[in-house]
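Tertiary structure, described
Residue strings, one per chain:
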Amino acid sequence: MPADGASHCVEAPALVVVADGLGGHPSGDEASRIAVDTIVGARPTDAESLAKAVRQANEAIVRAITLDAGNVGMGTTVAAVLATDHALVVANVGDSSVWELVDDQLVQLSTDDSPAARTSLPGVPPYVVTQTLGGGRSLVDVEPHMLEDVLEGERTILVCSDGLTNFVDRRAIATSLAEAGPASAEALVRLALDAGAPDNVTVAVVRVTR
Ligand SMILES: [Mn+2]
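Reading the values: the criteria
Residues numbered from 1 in each chain as written. Predicted model: local features only at pLDDT ≥ 70, side-chain atom pairs only at ≥ 80, totals over all residues. Heavy atoms only, no water. Buried < 20%, exposed > 50% of the residue type's maximum accessible area, 1.4 Å probe, protein only. Helix = DSSP H or I, 4+ residues; strand = E, 2+ residues; numbered from the N terminus. Arc of directions from axis to C-beta. Contact = heavy atoms within 4.5 Å. Polar contact = N/O pair within 3.5 Å; in protein donor to acceptor, adjacent residues only side chain to side chain. Core = buried A, V, L, I, M, F, W, Y, C linked by side-chain atoms within 4.5 Å. Pairing = 2+ DSSP bridges. Axes fitted to C-alpha atoms, helices over the stretch in contact; angles between N-to-C directions. Parallel < 35°, antiparallel > 145°, perpendicular 65-115°, else oblique. Left-handed = near helix turned anticlockwise from the far one by under 90°. Nonpolar A, V, L, I, M, F, W, Y, C, P; charged D, E, K, R; others polar. Salt bridge = Lys/Arg side-chain N within 4 Å of Asp/Glu carboxyl O.

Some points on helix α5 (residues 185-194)
The set of residues buried in α5 consists of A185, L188 and A192. Relative to the axis of α5, the buried residues are bounded by an arc of 60 degrees and lie together on one face. Buried residues belonging to α5 abut β8 (154-160), α3 (162-165), α4 (170-180) and β9 (203-209). Positive backbone phi, at 100 degrees, marks G196, one or two positions downstream of α5.

Some remarks on the environment of R33
Within the element layout of this structure, R33 appears in helix α1 (residues 28-41). Residues R33 and T202, spaced 169 residues apart in sequence, show a C-alpha to C-alpha distance of 13 Å. A polar contact is formed between the side chain of R33 and the side chain of D37, at a distance of 2.8 Å.

Some points on the nonpolar core
In this structure, I39, L50, V54, I61, M74, V78 and L133 are the most contacted members of the largest nonpolar core, which totals 25 residues. Of all the secondary structure elements, the ones that give two or more residues to this core are β1 (14-21), α1, α2 (47-67), β2 (75-83) and β3 (87-93). The element contributing the most residues to this core is α2, with nine residues. Other than its neighbours up to four places away in sequence, I39 contacts L15, V17, P44, L50, A53, V54, A57 and V78. C160, L164, V201 and V203 belong to the second largest nonpolar core, which has 18 residues in total.

Thoughts on the environment of D68
Here D68 shows up in the loop between α2 and β2. Of note is the side chain of D68, whose polar atom sits 2.8 Å from the backbone nitrogen of G70.

What about the pairing of β8?
The side chains of a regular strand alternate, first on one face of the sheet and then on the other. Across the seven residues that make up β8, a large majority, six, are buried. Of the pairings in the sheet, the one linking strand β4 (residues 97-102) to β8 comprises five bridges and is antiparallel in character. Residue pairing in the sheet places L101 in a bridge with T156 of β8. In terms of strand pairing, β8 meets β9 through seven bridges, oriented antiparallel. When the sheet's bridge partners are listed, C160 is paired in β9 with V203.

Focus: the packing of α1 against α2
Look at α1 against α2: their axes get within 8 Å of each other, and the N-to-C directions meet at 140 degrees. In this view, α1 runs oblique relative to α2, as classed from their interaxial angle. Classified by chirality, the crossing of α2 by α1 is right-handed. Residues A31, I34, A35, T38 and I39 of α1 pack against L50, A53, V54, Q56, A57, A60, I61 and A64 of α2. Residue classes in the contact of α1 with α2 are distributed as 11 nonpolar, two polar and no charged.

Topic: the pattern of salt bridges
Counted according to the given criterion, the structure contains six salt bridges. One salt bridge connects R33 with D37, and the closest N-O pair in it is separated by 2.8 Å. With R33 and D37 both in helix α1, this residue pair falls four residues apart, about one helical turn. According to the relative accessible area criterion, R33 is partly exposed, its value standing at 42%. Residue class for D37 comes out partly exposed when judged on its relative accessible area of 44%. In this structure, the salt-bridge partner of E143 is R55, at a minimum N-O distance of 3.1 Å. Of this pair, E143 sits in the loop between β6 (133-134) and β7 (145-150) while R55 is found in helix α2, placing the two residues 88 residues apart along the sequence. One network of salt bridges, with partners in common, ties together E30, R33 and D37.

Focus on the side chain of T84
Secondary-structure assignment places T84 in the loop between β2 and β3. The contact partners of T84, leaving out residues within four places of it in the chain, are A12, P13, T45 and L151.

This is the structure in structure tokens:
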């Protein structure tokens, strides 16, 4: 959803990227901005080029770390969805996540880089992530989780930061998506904040039609 809160329609290839700067590290906002700019700027058209763009984002963040000591340790998680003419491609690093509403149930399409299984208990978030873009002092190669699926019919896809999934249970998220589709993004952010999310919360809801 664009910053003005309005939903809008685009032709394929369409790309949605959510990056969530690491808490407890400096310059998380800068790391997430570099990630989004790099991935969008790469104009990926398929799974291979999207994975490459995610790796380039990691390299760009590490480059910014080496140029400014104040940035040492900055990093971000990222989740991206690319809809092409015929395929739905999902990429993620860390615990920003991608979900699909299937028969009113939430199905996770991304794979968390988290040692603990994600808990649905509010207020008990698995804060630790095992892979991030940047997040250290030097370059550590990342292996983005990728999923590619044939695109057919109409699909409702959620891309979000852990601020949503750690504080709103899947049932409530699914209900909101089923009722309002892409218009549910603002309501989902409000649910997370009302549930006490201390984090910034980022939510994008897209309906993909073949
Ligand atoms: Mn977060």
